[in-house]
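The primary structure of each chain is shown beneath.
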Amino acid sequence: MKPKNDSNLKQNPILFIIYLFLVVLPGSHFAQEPAKNKEQANVPKTPEESNGSLEKQNIEKQNASSETGIKVTGRRDSDRGQMDDIEGTNIYSGKKSEVIRLDKTNANLALNNTRQIYAKVPGITIWENDGSGIQPGIGARGLSPNRNWEFNTRMNGYDIASDVFGYPEAYFNPPPEALEKIEVVRGAASLQYGSQFGGMVNYVTKKADPTKPFRIELKNTGGSYNTMNSYSSVSGTVGNFSYFAYYHNRSGDGWRDNANYKTQSGHFNIAYQATEKLKIALEMTKSYYESQQPGGLTDMQFWENPRQSRRTRNWFSAPWNIPALTVDYNQSNTARFQMKIFGLYGERNSVGLTSAATAEDAINRTTLNFANRQVDRDWYRNYGMEARQIFDYSLLDKTHTLSFGIRYFNANTDRMRNPNGTNGTNFDLKEQSFPECFDGTTKCRTVDLKFSTLNYAAFAENLFRITDKLSVTPGLRYEWVKTTGSGRINEKLPSSSNIFGGEVPPKEYQRKQMLYGIGAQFQLTKATNFYANYSQAFRPVTFAEIYAANTTLNEVDPNLRDQKGYNADGGYRGKFGQWLQFDVGVFQLRYNNRVGLLPGTLPGQTNTNFVTNVGDSLHRGVEAYIEIDPLLAFTDSAPYGSISFFTSSANVNARYIRWEQSTSIYTNPTSDLTTIRNNFRVGNQVENAPSQIHRYGLTYHFKNTFSITYLISYSGMTYGDAANSTVPTANGQIGIIPSYTVRDVSFKWNFFESFALNGGINNLANEKYFTRRAGGYPGPGILPGEGIFYYLGLSAVF
């Protein structure tokens, strides 16, 4: 079968890929060869196989140690997979998911290089302004990458972000060297894990070695700009107890001037197998870092020298403490229960100047001192619980699976700002003085707020096996969320235009939200399936949107609405033997009631801008991951090694389809039409949403001894603001973010029994690029991506 117009397919590689894998390959002789061993091939399992029910899944685990199968020589296991239909107490059938196996990848784990780690996850956008790897930011499908805040970010299944509803930024990410894998579930995760539009990212730490009482792993890596990274872990099993613990530290001067950093983190997990059915695990994670922030640049400064810094006194730190308790109870071969109790005790601290990149940070000629720095601090105190139950049941001669659970979450945040910090250059959070307070008290600050979030949720999903090949999974989630806020912003006397002065009267927002979704999966062959899913999502208004730090309460729209929408996707995925692995699909995401600034005034106000719902956006696109090993297409033996090629590509069309005009709602309808036209955004591309994201890689494997990867990462041009401004502003905060291509090479060599050498070069061609124009901290202005970087590491396992 040939397409009617193959010239169009050749001009569009994404369409050609879809045609190739939906039409040509299923009918080829390669498609007729079944996988010789499912465990070796890591293929999706049919609904009636081991993942089809909990009972059969348990039987498979019991027999796994006695299975041998056919081993393919010359090629290692894939570093990318997908979630099984059922894992633990969760259902993933019909959901788009990716699993990154970090022990199989050649990525630069020591520096937490996200473009390499997520190279085989199509459509991931990355902010690469933090060369230290401490605060990676990822987004998907045209959503903002700002500290993962469109994702539900978890570690071992529990929350690690500041506040999943009020302030969902992730200031902590575990070191990749301590991780077994990273699980990514797209928008369909909103029903099981929470309502974020981007889905869920779950960092899974390594587990205790079950075969010996003591195992030690050591890794040391050195790199450019005095970078030193050290990771060590111990684990083992003694009787009914098992344990895993790691310590990690890294320091460096950074590629840019004034970009030195030091970070350290530790973690322990101790588990007790109380009975054959009951297991209890306690874990604790602690992290601390100090990172100097070189600040943003203007366009002229960037193209002149992207390594330069105009800020020598800006610093950031985030102490993070996460305790967790997990209880697993296997009631029978067909039923499981899991409960997680977790907490977070952390801070977000910054000190420095947040003025535009055009402003000099100079010594005062009169005082011979620098100006005072601004101190911003948050304190987070969160705790929560999630309980999940899953079981099989029979209906109409078929085995079906029901998963349901409940969640309780309580978060408390204290936020303060004082422009009168020290005038020194080192990291110092002292407050030198306090502005005068009109109410006669002392120690008032420009921002002094208290927030809280209380959340109750319940969810249920049911995997119905309609036939041996077709399954359908409907689900729902109920959310009850209450957020409160009180305190002061910009202490001042009350006036006719600001009736509360600096006081913020206690404010409370309550919402009840029911979310629905449905997924389907059809097993075309034993190794491939079609999947489709539709899931609703919503995002409550955040603290920063309700209480903007430079405004007062009545400068926020009193009718501000939560952001709502949905994710829909579908595709074809699987494997053909050992030589081809793929996942090709399409998606549509609707994001309603986006929050932003609009010109205009509310009744009784004189301000020219206010926070409100600015409009809706629609995101559509194609995502394709394809990896081919041509040698293994013809032979199971590769004595001289094998070569695999992969592409991870996405075409994304994210645009505003509705835009509010505040002038016509709150002021005179006959206002200046030019103002209305200049602020009209319908048809504009969503900011920070490149339409083209492509990553191509080539890897050579020689048995389990040596492998080397060459990676090309391309991101298309995008805009820094919703107005799609093409002419950059003088301060560099608004304008185009040009397209760029970055090349990396990395290798791993297991040269002697338990010893291995790894290394590589990041940004091999020393590409000059940036991925972000910041409107505030850690800029403002252009934040350059890192230039060429060399690294080499040695690891040992005993």
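For the structure itself, consult the block above.
Residues numbered from 1 in each chain as written. Predicted model: local features only at pLDDT ≥ 70, side-chain atom pairs only at ≥ 80, totals over all residues. Heavy atoms only, no water.

Peer 1: An account of the pattern of salt bridges is needed here, citing residue identities and associated values.
Peer 2: One pass over the full model with this rule turns up 40 salt bridges. A salt bridge links Asp583 to Lys96; its shortest N-O distance comes to 3.4 Å. With a gap of 487 residues between them, Asp583 in strand E26 (residues 580–599) and Lys96 in the loop between strand E3 (90–91) and strand E4 (97–101) connect regions that are remote in the sequence. Accessibility assignment for this pair places Asp583 and Lys96 in one class, buried. A salt bridge links Lys120 to Glu627; its shortest N-O distance comes to 3.1 Å. Taken together, the residues span a long stretch of sequence, with Lys120 in the loop between helix H5 (114–117) and strand E5 (124–127) and Glu627 in strand E27 (residues 609–628) at a distance of 507 residues. A residue is classified by how much of its surface remains accessible, and Lys120, at 11% relative accessible area, is buried. Among the charged side chains, a salt-bridge network with shared partners connects Arg80, Lys96, Glu98, Arg141, Arg186, Asp569, Asp583 and Glu623. (Salt bridge = Lys/Arg side-chain N within 4 Å of Asp/Glu carboxyl O. Helix = DSSP H or I, 4+ residues; strand = E, 2+ residues; numbered from the N terminus. Buried < 20%, exposed > 50% of the residue type's maximum accessible area, 1.4 Å probe, protein only.)

Peer 1: Explain the nonpolar core to me, using residue names and the numbers behind them.
Peer 2: Of all hydrophobic cores here, the largest spans 60 residues; its most connected members are Tyr118 and Ile182. Beyond its immediate stretch of four places on either side in the chain, Tyr118 contacts Ile100, Ile124, Ile138, Ile182, Val184, Val201, Tyr203 and Arg695. Counting 11 residues, the second-largest nonpolar core is a separate cluster that includes Tyr572, Trp579, Phe582 and Ala624. (Core = buried A, V, L, I, M, F, W, Y, C linked by side-chain atoms within 4.5 Å. Contact = heavy atoms within 4.5 Å.)

Peer 1: Please give an account of the pairing of strand E14 (residues 261–273) that cites residues and values.
Peer 2: As defined by bridge partners, strand E13 (residues 241–252) adjoins E14 across 12 bridges and the pair is classed as antiparallel. Opposite Tyr247, over in E14, you have Gly266 as the bridge partner. Relative to strand E15 (residues 278–292), E14 runs antiparallel, the two sharing 13 bridges. Each bridged residue has a counterpart across the sheet, and for Gly266 the counterpart in E15 is Lys286. Where E14 folds back on E15, the antiparallel hairpin that results is connected by 4 residues. (Pairing = 2+ DSSP bridges.)

By themselves, these observations are geometric and do not establish any function.
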